[in-house]
Amino acid sequence: MTDLVLTPNIPQPDDFYAELVATHESLSKEESDALNARLILVLANHVGDNTVLKQALEAASQGARHPLR
Amino acid sequence: MTKIFEVPLYAYESSADQASALPVRHQVIVVGAGPVGLAAAIDLAQQGVEVLVLDDNDKVSFGSRAICFAQRPLEIMDRLGCGQTMVDKGIQWHEGKVFFDTRQVYGFDLQPEKGQRRPAFINLQQYYFEQFLVDRVRGLQQQGAAIEIRGRNKVEAVGTHPDHVRLEVETPEGPYIVEADWVIACDGAGSSMRSMLGKDFHGRVFEDNFLIADVVMQSDLPSERWFWFDPPFNRGQSALLHKQPDGVWRIDLQLGWDIDKDKEKRPENVIPRIKAMLGDDIDFEIDWVSIYTFQCRRMERFRHDRVIFAGDSAHQVSPFGARGANSGVQDTDNLCWKLSMVIDGRAPETILDSYDRERTQAADENISASTRSTEFITPKSDMSRLLRDAVLDLSAQFEFARPLVNSGRLSTPCIYDGSPLNSADGLNGPSNTRPGAPCPDAPVGDGFLLSKLNRGFNLLTIDADAPDELEVDGVSVKRLALSVKDDPSLALKHRYLGEATSAVYLIRPDQHIAARRDSYEENAFRQAILRASGKE
Ligand SMILES: Cc1cc2nc3c(=O)[nH]c(=O)nc-3n(C[C@H](O)[C@H](O)[C@H](O)COP(=O)(O)OP(=O)(O)OC[C@H]3O[C@@H](n4cnc5c(N)ncnc54)[C@H](O)[C@@H]3O)c2cc1C
């Protein structure tokens, strides 16, 4: 059974982060939100494992500063 | 009590040059006695070059500015004879905490890599760094070296000629003219040498202001780096607390763009900000306070014939990641052996273009790293802030997000990939010691590798044969013979051999690797030495 990877896994984290921010550059709020939605779907498809995706949804919810409803 | 940065260190004195009917010609004039100019002068003097330093001031850096000095610059300081003094005075640290909003999201421990003489970094006030360099200049003078610093000598005009540079210098006793075969312009970010020559300085300004304060306080807070994103005492902004020697603490507070700088600098406005951060009951005294706007920019080229730019005059970065002084002394480390070889005819003038090639590459790396840190610390769009905050929120619970948190990446040396001085890699060895890389330190016998290297070019052999000395077209190379057995911890093997069983490295005077092979092969190494001395 595979588990969601929650240890550092991106070889060049600063490169990735800079590209992520750059992709949003000069987009409006709506365009950025839509881009994020597409990005989530693309990545989810790449993961392609419902158990892992469920764990990812949980991790993202837990990460919030204030408890989510 | 007078602060050390208020005492003249190289007070003005008349020099014979001022009375001379004809301008006196020097081998090298360094403009600016900041950390970079001083390092350049010491490096040249150690190689027997005659050098004169001119500075419009007569003191060390006013207030500290730089506080964090990284391993590679400390190794360079060892070569310049002041590494130990700096490390003895400096504070070593490796732990830190990151706070977001009201909570600590995580703590880190940057355990230094073992088996190296110097720590990953120390904290030391810039004025101490400069003072130790001036002490070293005095030491060299006592040994008879041709090195001189002239305080309150301000360069006011520059004239470039095919075989020399002419400077007009203003002093308390009036102006005089002086000449040099070569000039190194280390006159800082606001370089007047640069503007007098009409050279560009492009880049970007970050629309933000930072209040930088050094305070003296008795405190049992640990020697850790504490960084706050969006804390309650500085909403929407960032803050940093870091310890320096003598009970001095560095405080950085982001203030935003639309502020009145003069007003914010007044004690009645600074003190409440610091109290909000440290608590009302802490007694402290302000050592120095200043407000900065940060920029990332560089000159397109650092060499302009006989005037060569180094340090902040050539490139400027935001301080996140401590790359200003750290990279400036790496500039002079790169430049001085080349210039000294040109001066005594062992290398063609064109080798100086490799300085330009290698150090603009390093400047680009530094600018990129500090731009990224600045973007993370002060996101410039809503989405960038949203992503940043998401990373910080996740980092509290999930380790994976922590490498994405960027409150400043510490300065690491540039590997000069693709440099014209490198020869093709002839060893199936570790990537960190490929041609262009700085030599990593390693324990050997009762000491360390870097302290065993000779001053000029080295042929480092590990379990391999080679001649003890080699002379190629006026360039002499000395061998340092080692064996993996010299280091039971195997760091030497891991850093220099990897899978290989033997290796021969050609190492430049700045301790960067020029070539490597698994064994000594006469023709290949002669060729590599020619290449590394700019003759190919
Ligand atoms: C808040 C802050 C924090 C920093 N933190 C760090 C850090 O942690 N680590 C780090 O590595 N760097 C740091 N830096 C950067 C560091 O301070 C600079 O990179 C460094 O001082 C550059 O050295 P320099 O010798 O090139 O120039 P400077 O230190 O600016 O020296 C230039 C010298 O030239 C002289 N001069 C200027 N014009 C003339 C003239 N016409 N004639 C004669 N002399 C002249 C000046 O008087 C001065 O002495 C920081 C900077 C700031 C502002």
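Please refer to the structure placed before this passage.
> Would you explain the overall build of chain B in this entry?
Along chain B, the regular secondary structure elements total 14 helices and 28 strands. Here chain B has a C-alpha radius of gyration of 24 Å; the compact-globule value for 536 residues is 24 Å, and the two agree. Seen through its principal axes, chain B has C-alpha atoms that stretch 70 × 65 × 40 Å. Looking at the 536 residues of chain B, the share that counts as buried comes to 58%. A separation threshold of at least 6 residues defines the contact pool for chain B, and within that pool the share at least 24 residues apart is 71%. Surface exposure of chain B reaches about 21,000 Å², of which carbon and sulfur atoms provide 47%. Measuring between centres, the 61 positive side-chain charges of chain B sit 2 Å from its 80 negative side-chain charges.

> Explain the interface of chain B and chain A here, please?
The parts lose accessible area when they come together, and the size of an interface is often stated as this lost area. Each partner contributes residues to the interface: chain B has 23 residues there, and chain A has 20 residues. Between chain B and chain A, the buried area comes to about 2,000 Å², and carbon and sulfur atoms account for 60% of it. Contact with chain A buries area across many residues of chain B, yet Arg-372, Met-383 and Leu-404 of chain B alone supply 27% of it, more than any other trio. Summed over the shared surface of chain B and chain A, the number is 3 salt bridges. Residue Glu-25 of chain A is joined to Lys-380 of chain B by a salt bridge in which the shortest nitrogen-to-oxygen separation is 3.4 Å.

> I would appreciate a short explanation of the site of the ligand in the present structure.
Residue and element names in this part refer to chain B. Around the ligand, the structure places 31 residues, and the nearest of them are Asp-55, Asp-56, Arg-65, Asp-312 and Asn-326. In this structure, an oxygen atom belonging to the ligand sits 2.7 Å away from a side-chain N or O atom of Asp-312. Separating an oxygen atom of the ligand from a backbone N or O atom of Ala-325 is a distance of 3.0 Å. Burial of the ligand by the protein chains amounts to 89% of its free accessible area of 1,000 Å². Examining the composition of the shell around the ligand, we find that 3 residues originate from one element, helix 9 (residues 324-343), more than from any other.

> Explanation requested: the sheet that holds strand 18 (residues 295-298) of chain B in the structure shown.
Hydrogen bonds between backbone groups are what pair the strands of a sheet, and the pairing can be parallel or antiparallel. All names here are of chain B. Within the open sheet, the 3 strands sit side by side as 12-18-21. Their pairing is antiparallel. The open sheet has two free edges, formed respectively by strand 12 (202-205) and strand 21 (315-316), since each of these has just one partner strand. As paired strands, strand 12 and strand 18 are joined by 4 bridges and run antiparallel to one another. Bridge pairing in strand 18 places Gly-203 opposite Arg-297. Helix 10 (residues 351-377) rests against strand 12, strand 18 and strand 21 of the sheet, and its axis sits at about 165° to strand 18.

> Would you explain unusual backbone geometry in this entry?
Negative phi is the rule for most residues except glycine; trans is the rule for most peptide bonds. All names here are of chain B. Although it is not a glycine, Asp-230 adopts a positive phi angle of roughly 50°. With respect to the helices and strands, Asp-230 occurs in the loop between strand 14 (225-229) and strand 15 (238-244). Classification of Asp-230 by relative accessible area gives buried; the value is 14%. One non-glycine residue, Leu-490, lies in the positive phi region at around 70°. Here Leu-490 shows up in the loop between strand 26 (475-482) and helix 13 (491-496). The partly exposed category is assigned to Leu-490, whose relative accessible area is 36%.

> How should helix 1 (residues 13-24) of chain A be read in this particular structure?
Since the α-helix advances by 3.6 residues per turn, residues separated by three or four positions end up pointing in the same direction. End to end, helix 1 of chain A covers 17 Å across 12 residues, agreeing with the expected 16 Å (1.5 Å per residue, within 8%). Within the sequence span of helix 1 of chain A, burial applies to Pro-13, Asp-14, Tyr-17, Leu-20, Val-21 and His-24 of chain A. For helix 1 of chain A, the angular spread of buried residues about the axis comes to 125°, placing them on one side. Elements that come into contact with the buried residues of helix 1 of chain A comprise helix 2 (29-47) of chain A together with helix 10 and helix 11 (382-397) of chain B. Phi for Ser-26 of chain A, located one or two positions after helix 1 of chain A, is positive at around 65°.

What counts, and at which threshold
Residues numbered from 1 in each chain as written. Chains lettered and ligands numbered in written order. Predicted model: local features only at pLDDT ≥ 70, side-chain atom pairs only at ≥ 80, totals over all residues. Heavy atoms only, no water. Helix = DSSP H or I, 4+ residues; strand = E, 2+ residues; numbered from the N terminus. Rg over C-alpha atoms; globule rule 2.2 N^0.38 Å. Buried < 20%, exposed > 50% of the residue type's maximum accessible area, 1.4 Å probe, protein only. Contact = heavy atoms within 4.5 Å. Areas by Shrake-Rupley, 256 points an atom, 1.4 Å probe, with all protein chains shown as cover. Lys, Arg positive; Asp, Glu negative; His and termini not counted. Charge placed at Lys NZ, Arg CZ, Asp CG, Glu CD. Buried area = accessible area lost by both parts, 1.4 Å probe. Salt bridge = Lys/Arg side-chain N within 4 Å of Asp/Glu carboxyl O. Near = heavy atom within 4 Å. Polar contact = N/O pair within 3.5 Å; in protein donor to acceptor, adjacent residues only side chain to side chain. Pairing = 2+ DSSP bridges. Axes fitted to C-alpha atoms, helices over the stretch in contact; angles between N-to-C directions. Expected span 1.5 Å × (residues − 1). Arc of directions from axis to C-beta.

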